[in-house]
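Listed below are the residues making up each chain.
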Amino acid sequence: MARGLGTKGRFAVAYLVLGAAIGTALGGFIVLLQRPGPQPPAPWSSWKPGAASLSTRVLEIAQHVGDAYRLPSGDPLVAVKVSSKQSGPNIQGVVVVKKDDPKALDKQYAKDDTAVYILCGAGKTCAMNQGSPGIVHGTVLRREALELALFTLEYAHPIDNVLIFFPPANGQSKLSSTLFLRRDDVSGSLKHPLRKTLPQSPAPLPGRIAPNEKKTVDDLTGTKLFNYLGIAQNIIVIQPANGPTF
């Protein structure tokens, strides 16, 4: 009959088992330490404004986006201007009137959470000298306006709404067409990097926008175009348009 382990033997076996368990645990811990952690999310864009103040961030965004869009000649497609007290009336906000009744208020947006830009051509009253905003230029202008709005909503908090004026359309001598985007309108595009929404980089020339990107621009801007009716009591008044006019 086999003899049972003595007290010393039992302690030896216990230490061996304990040592093996500790070794296994340490081994697993070392593996966990060596395993790479989760990768940080990709940045929303390769560039972002560096200023601390909101007004300066908006100006930086206007310059950055405006510099990216060019005509075939190499000249800027348009200049991107920021509406401010120095450039015109002390705008107090934006009012949207009903599509079927310009005298009926639909919604109102405060100045503190609304940015206003003007896409201005080199001609008089911001008209474009090198080609008018017809079909060829119009799609890229709407792409530029969309990118401008996305940068603003991503980096210029607490801005939640962006109004962008387009250059005068053919036969017009004053600003009349705008794009108005709220944060909720493009929330999906703000949840992933910019180049997933607008892959072409650098920005395409007029007439060179890729078909899939044109569809994205049309989808995000086509129903967000408004007619500019004027300024009443320092409030910009806009009305839903029937669709792209260029």
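Structure report, in brief. (Residues numbered from 1 in each chain as written. Predicted model: local features only at pLDDT ≥ 70, side-chain atom pairs only at ≥ 80, totals over all residues. Heavy atoms only, no water.)

Considering the overall build of the protein
Along the protein, the regular secondary structure elements total six helices and eight strands. Its helices and strands taken in sequence order, the protein reads α-α-β-β-β-β-α-β-β-α-α-α-β-β from the N to the C terminus. Every one of the 246 residues in the protein was classed for burial, and the buried ones make up 40%. Summarising the internal contacts of the protein: among those between residues at least 6 apart in sequence, 67% fall at separations of at least 24. Carbon and sulfur atoms form 58% of the exposed surface of the protein, whose accessible area is close to 14,000 Å². (Helix = DSSP H or I, 4+ residues; strand = E, 2+ residues; numbered from the N terminus. Buried < 20%, exposed > 50% of the residue type's maximum accessible area, 1.4 Å probe, protein only. Contact = heavy atoms within 4.5 Å. Areas by Shrake-Rupley, 256 points an atom, 1.4 Å probe, with all protein chains shown as cover.)

Focus: the side chain of T139
If you trace the backbone, T139 turns up in helix α3 (residues 135–155). For T139, a relative accessible area of 6% corresponds to the buried category. Look past the residues within four positions of T139 in its chain and what remains in contact with it is I209, K214 and V217.

Describing the state of the cysteines
Inspection of the entire model under this criterion finds one disulfide. Covalent S-S linkage joins C120 and C126, the inter-sulfur distance amounting to 1.9 Å. For the disulfide bridge between C120 and C126, the dihedral angle about the S-S bond is near -90 degrees, and by the sign convention the bridge is left-handed. Judged on exposure class, the residue C120 and its partner C126 are both buried. (Disulfide = S-S within 2.5 Å.)

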